[in-house]
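So the chains spell out like this:
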Amino acid sequence: MPCCGFLCQYETSKLVRIQSVRLGSMKWILNGFILLFICIMLLWNKKYQEFDLVVSSVATKVKGVAQTHLPGVGDVVWDMVDYSGPSQDKNSFFVVTNIIVTKNQKQGKCPEVPLRGRLCRTDSDCEKGAWSQQSHGIQTGSCVKFDVLKKTCEVSAWCPVETKTKPPRPALLAAAENFTALIKNNIRFPAFNFIRRNILPEMNDAYLRSCDRGNDSLCPIFRLGDVVREAGEKFSEMAIEGGVIGILIKWDCNLDRLMQHCLPRYSFRRLDEKESNKTLYPGLNFRYAKYNTVNGVEERTLYKAFGIRFDVMVFGQAGKFSFIQLIIYIGSTLSYYALTTILIDWLIGTSCYSAEVGQNYSERKVESVQDKQKCILCVSYVDENNIRLVKRSQKKSLQDIKPKSVQPRKEDIGHLRAVLSLLQPVVSSDHDAQPPLDRKLTPNPKPCRPAWCKCNCCTPSSVPQEELCCRWSDGACITSSPLFEQLVLQRSLLEAVLLYQDPLSSPPDRGQTAALRHCAYRQYISWRFGVPPNDTHPAIPSCCVWRIREEYPSPDGQYGGFRPARMASMQACANGEL
């Protein structure tokens with residue numbers, strides 16, 4: 001049972017092999033460079049591995065003790081509970097470096113701080129119960145003295161309100177530079193079920209007590225001053241208003257058995273804007289209070305703490321050999337070899353090679369196929385040596401259409417050789433019966449000459465693509481040429497051509513003129529067009545068509561008319577086929 005449709009078809013690319021030492025050497029050199037590049041990228045980017053992203057958890061512990069003198073308070077010793085602040089965020093820790101203290105605050109009424117010119121003259125300037133984001137309490141509706149020169153609205157708040165806003169310079173807790181932080185980082189790669197921590201198995205208690213990052217980059221204990229310095233900042237300046245420092249831990253792990261490697265790498269950078277004059281509310285600060293009771297009255301000490309927050313961020317991935325990833329990479333890089341073809345094709349088309357070589361290569365490699373809706377006709381005039389390529393029009397006469405391009409005519413040497421070999425015995429055997437080649441035949445001029453006709457021998461037609469003359473300018477018709485009689489109309493030659501094509505066929509009878517008429521059409525095309533361009537349709541002039549029909553008429557007087565048929569390659573004629 002025969003296969004149906006595309007199920008029993010196979011398509012493959014057509015290749016053109018050029019025998020050239022120079023091009024062959026260039027191909028292998030380019031392929032070698034591409035192979036080298038693919039191998040380098042394979043090893044450099046580990047494209048043979050399957051990768052998994054890190055899953056991480058972080059715990060920190062800060063240690064250090066400092067003593068500072070607070071205005072109005074005196075000398076105070078700060079330990080890890082004091083300078084770490086009231087709470088710690090996930091994957092980060094905070095260290096207080098500067099502070100503003102407001103002592104002995106009680107619930108009561110007191111004048112508001114005159115921020116941004118908020119002064120009053122009478123009680124009518126103060127709205128009872130009003131408050132704003134910058135106020136310290138709720139207005140009572142009274143205007144009271146703030147100092148000798150200023151009056152502000154009275155508020156119900158913790159009194160006295162905080163009046164100092166700018167942090168002290170230098171920072172009160174600049175000694176925090178020598179504090180240390182222990183960072184414990186546990187990671188896991190779920191795809192490979194691999195677990196690791198930055199405190200390696202060989203790191204014991206003695207090692208952690210004595211390790212120094214200056215000599216050991218894997219030491220998990222960090223001096224805060226060194227961290228800020230490696231981030232490109234000065235601790236003494238950053239401690240005044242505070243800021244945010246990022247501690248980046250990167251895990252780049254290779255889990256292949258022969259090259260297993262999985263150790264952390266630490267880097268540091270500042271994450272906030274450090275220029276006070278370029279940002280609103282620079283630095284980092286927060287407030288907290290310590291409460292106590294004096295004589296039955298609750299009091300508090302308010303602290304505005306400035307400090308540095310250290311955010312620990314963990315990145316990384318692990319790779320392990322995967323045969324599937326290797327195959328995918330090799331498959332994706334095979335397309336790189338197309339660059340060799342593109343480059344060599346470009347060189348052939350440039351001045352590195354002659355135009356003849358480039359044209360020959362292009363013709364053998366590329367097969368042009370015209371769109372069926374865009375029929376290209378080729379026209380040959382007897383008073384021109386070129387072939388015009390025009391687009392078929394359903395409205396405009398073929399004679400009047402402007403050519404799309406003009407190409408030189410390619411002589412069909414094979415056809416010419418075969419015709420001469422067939423014509424010679426006919427001429428020698430019946431010399432008296434043939435008209436001399438120097439005698440011009442006089443065709444019958446048509447009584448009603450169409451406007452597009454230049455030779456006075458064309459017949460009017462209702463089909464635009466049949467409105468074609470043998471000439472571009474006025475002159476004699478090609479049917480008056482003795483060669484037209486010899487090559488196109490001579491019955492003995494046409495019968496010999498048909499017999500040449502099918503040696504076992506019988507000669508056509510007098511009434512069987514269709515084969516002779518069609519053979520005459522082909523003879524004219526081979527004579528006047530030579531080898532027509534591929535995917536074009538030769539158009540025979542009206543005068544020639546009707547002269548052939550007069551010589552070999554149809555018994556019923558019916559003709560098919562012009563039906564464009566794509567011309568096959570005339571290479572067959574070079575082999576002796578007409």
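Look up: the structure comes first, before these words.
A quick note: this is a predicted structure, and the numbers were derived from the prediction, not measured.

**Remarks on the packing of aromatic side chains**
Taken as a whole and judged by the stated rule, the model has 16 aromatic pairs. Ring centres 5.2 Å apart and planes at 15° place the aromatic pair Y288 and Y303 in the stacked group. Placement of Y288 in strand 13 (residues 285-294) and of Y303 in strand 14 (residues 297-321) is noted, with a sequence separation of 15 residues between them. Overall, the relative accessible area of 15% leaves Y288 in the buried class. Look at Y303 and you get buried, because its relative accessible area is 11%. Look at Y381 and W472: their rings are 5.6 Å apart centre to centre, the planes differ by 50°, and that puts the pair in the tilted class. A residue pair is termed long-range when its members are at least 10 positions apart, and Y381 in the loop between strand 15 (376-380) and strand 16 (386-391) and W472 in the loop between helix 9 (413-429) and helix 10 (482-489) qualify at 91 residues. Feature note: the residues F94, F286, Y288 and Y303 constitute an aromatic cluster, connected by ring pairs. Over the face of the ring belonging to W472 we find R388, whose NZ or CZ atom lies 4.1 Å from the ring centre.

**Details of the state of the cysteines**
As enumerated under the stated definition, the model contains five disulfides in all. A disulfide bridge connects C211 with C219, and the sulfur atoms are separated by 2.0 Å. Judged by the sign of its S-S torsion, about 40°, the bond between C211 and C219 is right-handed. The class of C211 is buried, set by a relative accessible area of 16%. The structure places no disulfide on C453, whose sulfur is separated from the nearest cysteine sulfur, that of C458, by 3.4 Å. Residue classification places C458 among the buried residues on the basis of a relative accessible area of 0%.

**As for unusual backbone geometry**
With omega at -5°, the peptide bond leading from C159 into P160 counts as cis. Assignment of secondary structure puts P160 in the loop between strand 7 (151-159) and strand 8 (180-189). In the segment running from R169 into P170, the intervening peptide bond is cis, with an omega of 0°. For P170, the position within the fold is in the loop between strand 7 and strand 8. For N91, which is not a glycine, the phi torsion comes out positive at approximately 60°. Structurally, the position occupied by N91 is in the loop between helix 2 (80-83) and strand 5 (92-111). When its relative accessible area of 26% is taken as the criterion, N91 is described as partly exposed. Although it is not a glycine, N456 adopts a positive phi angle of roughly 65°. Positionally, N456 belongs in the loop between helix 9 and helix 10. Under the relative-accessibility criterion, N456 is labelled partly exposed at 35%.

**Section: the pattern of salt bridges**
All chains considered together, the criterion is met by 15 salt bridges. Linking R309 and D311 is a salt bridge whose minimum nitrogen-to-oxygen distance equals 3.0 Å. Using a relative accessible area of 26% as the deciding quantity, one classes R309 as partly exposed. Here E495 ties to R491 by a salt bridge, and the two come within 3.0 Å at their closest N and O atoms. One end of the pair is E495 and the other is R491, both in helix 11 (residues 491-501) and four residues apart, which spans about a single turn. Overall, the relative accessible area of 25% leaves E495 in the partly exposed class. Each of the salt bridges in this network shares a partner with another, and the network as a whole consists of E177, R223, D226 and R229.

**Notes on helix 12 (residues 514-529)**
Between its first and last C-alpha, helix 12 extends 22 Å over 16 residues, near the 22 Å set by a 1.5 Å rise per residue. Burial analysis of helix 12 places twelve of its 16 residues in the buried class, which makes it a mostly covered element. All buried positions along helix 12 are accounted for by L516, R517, C519, A520, Y521, Q523, Y524, I525, S526, W527, R528 and F529. Just beyond helix 12, the residue with positive phi is G530, at close to 65°.

**Focus: helix 13 (residues 542-551)**
Residues of helix 13 that are buried: S542, C543, C544, V545, I548 and R549. Buried-residue contacts for helix 13 involve helix 10 and helix 12.

**Considering the sheet that holds strand 18 (residues 537-538)**
Strand order in the open sheet made by the four strands is 17-16-15-18, with mixed pairing throughout. Strands at the two margins of the open sheet, each flanked by one partner only, are strand 17 (405-408) and strand 18. With four bridges joining them, strand 16 and strand 17 adopt antiparallel strand pairing. Its bridge partner lying in strand 17, R388 is registered against V406. Contacts from helix 12 reach strand 15, strand 16 and strand 18 within the one sheet, and its direction differs from that of strand 15 by about 75°.

Scoring rules and cut-offs
- Residues numbered from 1 in each chain as written.
- Predicted model: local features only at pLDDT ≥ 70, side-chain atom pairs only at ≥ 80, totals over all residues.
- Heavy atoms only, no water.
- Phe/Tyr/Trp six-rings, centres within 6.5 Å; stacked < 30°, edge-to-face > 60°.
- Helix = DSSP H or I, 4+ residues; strand = E, 2+ residues; numbered from the N terminus.
- Buried < 20%, exposed > 50% of the residue type's maximum accessible area, 1.4 Å probe, protein only.
- Lys NZ or Arg CZ within 6 Å of the ring centre and 35° of its normal.
- Disulfide = S-S within 2.5 Å.
- Salt bridge = Lys/Arg side-chain N within 4 Å of Asp/Glu carboxyl O.
- Expected span 1.5 Å × (residues − 1).
- Contact = heavy atoms within 4.5 Å.
- Pairing = 2+ DSSP bridges.
- Axes fitted to C-alpha atoms, helices over the stretch in contact; angles between N-to-C directions.

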